[in-house]
Amino acid sequence: MPRRSRGGGSAGASSPQEEEEEEEEGASSEPETRPRPPPATPATAEEPAATAAGAEARAQLAINIRRMLAVEAERRGRIAERIGVQAEGPILTLEDTFCDIDDGSAKSQVARKVALGVSQSIVSLSSFAGRKRIRVCSGFVIRWNDSTSIGTILTSAALVRPPCGDDVRVEVFLPSGDISICQISMVDFHHNIALVEVTSNFKLQEAVILKYIIDKGDVLALGRSYEGGLLMCSRGEISNRASIFECSELLVSSCEITMAGTGGPLVNYNGHVVGINFFEENQTPFLSMAIVFKCLEHHQIFGRIIRPWIGFWFTSIQMVPLSHLEHIYRKFSDVDNGLYISNVAEGSPADIAGICQGDILMKCGGKFLSTAPEFGAILMDKCKETMEEYDQETNGDFSAKRITVEIVIKRENDGSTIEKTISAGLIEEFNYNRWPTPIPSYKVRRDTIGREKGMIPKFVEY
């Protein structure tokens, strides 16, 4: 860490008192030929001379103070530029930490042990455009290759969203304290996930991941800060809440994280990862690892992620507001599970098949549905089957191919049960979901200055 000089100025700056002492010493060493002031015999002659000398000293002191302030302002400006401070704009920082398991309770003690068991898989990532920091996210190791010493890290695509350009640089803070530049290997803006690869001199611990949907139970949201590499943790439970984001497959936990926790893992008390977290005030939306691995499987096999466009929006009936749920129960009070169809796009495959707003999706492919991720996983499996069947025939062009989706719905207006067949086209790499990702303003802290590339940041208190 660069040394700071006393007084807050640069190493070459001296205090006003030191400069006055130097002037007095210099005056005593002047040659004797220098004219001496006349003796102040009359009292009336001393007073004007003393007044003039005092005014000159005060003027010189003011000059020295302004000089010191200018040096300090320049120093602070360089610091602000190096740590990517945005002086104007909303007070929103990605570097705020979170932790609510240090209260000494029995539950917190258990949570701390779980967090420490997973900690060596958790990293922090930061994106840069030149010297300017754009965003900070957390992530976790999902794969380690012993032969190449390369680790694959899952994080949020928010890390590289605009204003990041093609020249974006991503750095990762590893659990060992090392900071390395990593390579982006996959980005899926639809589900807001990304993969990066990093070379490490130390073996990275793979997270233990559950590839099926978990929609209940106590959980921990984990992350790591970029400055200092602090481990962060919040405890809560999976709840039937809706999210502000458009992605229908999202579930929600009551954990409360900061923006620095975006992309971090949601784990159960066995230390198994059940989802990837995204930041929202007062709750934490997460994408089930069941959906994440469907996306990664598509990318690994086909080099891209292909989904069907059906044309309706849905949510679990358990998340429907009570005021509207009462109206549904008047038609069929036996419906405790299923997906409520909130909107249908005009002219879409769902519209053509006769699906209406207010219908309740009960089954797909012969399987009962209770959560939105279940339906999303079935659709992605259906796409995979279709792609594997037609891959040789189409040479990778699926634009003319369609999948058939068999569903069972309950109609809201009369409570009848109807079987429908939807013929949907395949669309690759589309970006329909909106993921608000505000640009942060970083806070200047007195105990932190900008770091040179490759230096480990100082541990600081937020």
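Higher on the page you've got the structure.
Just so we're clear, the structure is a prediction, and the values are computed from it rather than from any experiment.

J.: Can you help me understand the packing of aromatic side chains in this one?
T.: Counted under the stated rule, the structure contains five aromatic pairs. Taking the centre distance of 6.4 Å and the plane angle of 75° together, the rings of F173 and Y226 count as edge-to-face. Here F173 is found in strand 4 (residues 169-173), whereas its partner Y226 is found in the loop between strand 7 (218-224) and strand 8 (231-239), with 53 residues between them in sequence. Residue classification places F173 among the buried positions, given a relative accessible area of 3%. Assessed through its relative accessible area of 0%, Y226 is described here as buried. Put simply, the rings of F128, F173 and Y226 touch in pairs and so form one group of aromatic residues. Over the aromatic face of F368 sits the side chain of K363, whose NZ or CZ is 4.8 Å from the ring centroid.

J.: I would appreciate a short explanation of empty space enclosed by the protein in the present structure.
T.: Over the atoms, a rolled probe matching the size of one water molecule traces out where space is still vacant. By the definition in use, this model includes two cavities of 30 Å³ or more. D215, I238, S239, N240, L251, S316, Q318, M319 and T371 are the residues that line the second largest cavity. Of the residues that constitute the lining of the second largest cavity, the class distribution is three nonpolar, five polar and one charged. Lining the lining of the second largest cavity are residues from two domains, each supplying at least three of them: domain 1 (94-298) and domain 2 (306-426).

J.: Whenever I open this one, the environment of V141 confuses me. Can you help?
T.: If you trace the backbone, V141 turns up in strand 2 (residues 132-145). Once you skip the residues sitting within four places of it in the chain, V141 turns out to touch S121, V123, T152, I153, L204, Q205, E206 and A207.

J.: So what exactly am I meant to see when it comes to the sheet that holds strand 7 here?
T.: Hydrogen bonds between backbone groups are what pair the strands of a sheet, and the pairing can be parallel or antiparallel. Around the barrel, which closes on itself, the six strands sit in the order 7-8-9-12-11-10 with antiparallel pairing between neighbours. On average, each strand axis in the sheet is tilted by 45° relative to the strand beside it, whichever way the strands run. The sheet contact formed by strand 10 (residues 265-268) and strand 11 (residues 273-277) spans three bridges and is antiparallel. Residue pairing for strand 11: V267 is matched across the bridge by V273. Against the sheet, helix 3 (residues 106-118) contacts strand 7, strand 8 and strand 10, and its axis sits at roughly 115° relative to strand 8.

J.: How should I be thinking about the side chain of K420 in this particular structure?
T.: Following the sequence through the fold, K420 ends up in strand 19 (residues 417-428). In this structure K420 is buried but unpaired, with D359 as the nearest side chain of opposite charge at 7.1 Å. At 3.3 Å, the side chain of K420 and the backbone oxygen of A353 are in polar contact.

J.: Where do I start with the pairing of strand 3 (residues 150-156) in this structure?
T.: Looking down a regular strand, the side chains alternate between one sheet face and the other. For strand 3, the tally of buried residues reaches six of seven residues, placing the bulk of the element in the interior. One ladder, built from six bridges, connects strand 2 with strand 3; its direction is antiparallel. Paired with F140 across the strands is L154, a residue of strand 3. Hairpin connection from strand 2 to strand 3: four residues lie between these consecutive antiparallel strands, with S149 at a positive phi of about 60°. One ladder, built from seven bridges, connects strand 3 with strand 6 (residues 193-199); its direction is antiparallel. Note that in strand 6 the partner of I150 across the bridge is T199.

J.: Help me understand the pattern of salt bridges in this model?
T.: When their charged atoms lie close together, side chains carrying opposite charge are able to pair. Going through the model one piece at a time under the given rule, you end up with nine salt bridges. Residue R307 is joined to D188 by a salt bridge in which the shortest nitrogen-to-oxygen separation is 2.4 Å. Here D188 lies in strand 5 (residues 179-188) and R307 lies in strand 13 (residues 306-309), a separation of 119 residues in the sequence. Owing to a relative accessible area of 1%, D188 belongs among the buried residues under this scheme.

J.: So what exactly am I meant to see when it comes to the layout of surface pockets here?
T.: Reported here for the second largest pocket is a volume of approximately 400 Å³. H190, E249, P308, F312 and F314 are the residues nearest the centre of the second largest pocket, which is lined by 20 residues in total. Elements that contribute at least two residues to the lining of the second largest pocket include exactly strand 13, strand 14 (312-316) and helix 7 (372-394). Here the lining of the second largest pocket gets four residues from one element, more than from any other, and that element is helix 7. Residues of the lining of the second largest pocket, tallied by class, amount to eleven nonpolar, six polar and three charged. Residue-level mapping places the lining of the second largest pocket at the junction of two domains, with at least three residues from each of domain 1 (94-298) and domain 2 (306-426).

J.: Explanation requested: the side chain of R411 in the structure shown.
T.: With respect to the helices, strands and loops of the structure, R411 is situated in the loop between strand 18 (402-410) and strand 19. Polar side-chain contacts of R411 include one of 2.8 Å to the backbone oxygen of G354.

J.: Which parts of the structure should I look at to understand the sheet that holds strand 4?
T.: The strand order around the closed barrel formed by six strands is 1-2-3-6-5-4, and the pairing between neighbours is antiparallel. Between one strand axis and the next, the sheet turns through 40° on average, direction left out of account. Together, strand 2, strand 3, strand 5 and strand 6 form the strand contacts of helix 4 (residues 289-302), whose direction differs from that of strand 5 by roughly 85°.

J.: Just to check I follow, could you spell out the nonpolar core for this structure?
T.: Soluble globular proteins tend to bury their nonpolar side chains together. F140, L154 and L287 are the most contacted members of the largest nonpolar core, which has 35 residues in total. Of all the elements in the fold, those that place two or more residues in this core are helix 3, strand 2, strand 6, strand 7, strand 11, helix 4 and helix 7. Element by element, the count of residues in this core is highest for helix 4, at six residues. Not counting the four nearest positions on each side in its chain, L287 is found in contact with H191, I193, C247, E249, L250, V274, G275, I276, F278 and V292. Formed by 27 residues, the second largest nonpolar core is a distinct cluster that contains L361, F375, I403 and V405.

How each quantity is defined
Residues numbered from 1 in each chain as written. Predicted model: local features only at pLDDT ≥ 70, side-chain atom pairs only at ≥ 80, totals over all residues. Heavy atoms only, no water. Phe/Tyr/Trp six-rings, centres within 6.5 Å; stacked < 30°, edge-to-face > 60°. Helix = DSSP H or I, 4+ residues; strand = E, 2+ residues; numbered from the N terminus. Buried < 20%, exposed > 50% of the residue type's maximum accessible area, 1.4 Å probe, protein only. Lys NZ or Arg CZ within 6 Å of the ring centre and 35° of its normal. 1 Å grid on protein atoms, 1.4 Å probe; cavity = no way out; pocket = protein on both sides within 12 Å on 5 of 7 lines; lining within 4 Å. Points joined across faces, edges and corners; volume = space filled by probe spheres on them. Nonpolar A, V, L, I, M, F, W, Y, C, P; charged D, E, K, R; others polar. Domains from an automatic or database assignment. Contact = heavy atoms within 4.5 Å. Pairing = 2+ DSSP bridges. Axes fitted to C-alpha atoms, helices over the stretch in contact; angles between N-to-C directions. Lys, Arg positive; Asp, Glu negative; His and termini not counted. Salt bridge = Lys/Arg side-chain N within 4 Å of Asp/Glu carboxyl O. Polar contact = N/O pair within 3.5 Å; in protein donor to acceptor, adjacent residues only side chain to side chain. Core = buried A, V, L, I, M, F, W, Y, C linked by side-chain atoms within 4.5 Å.

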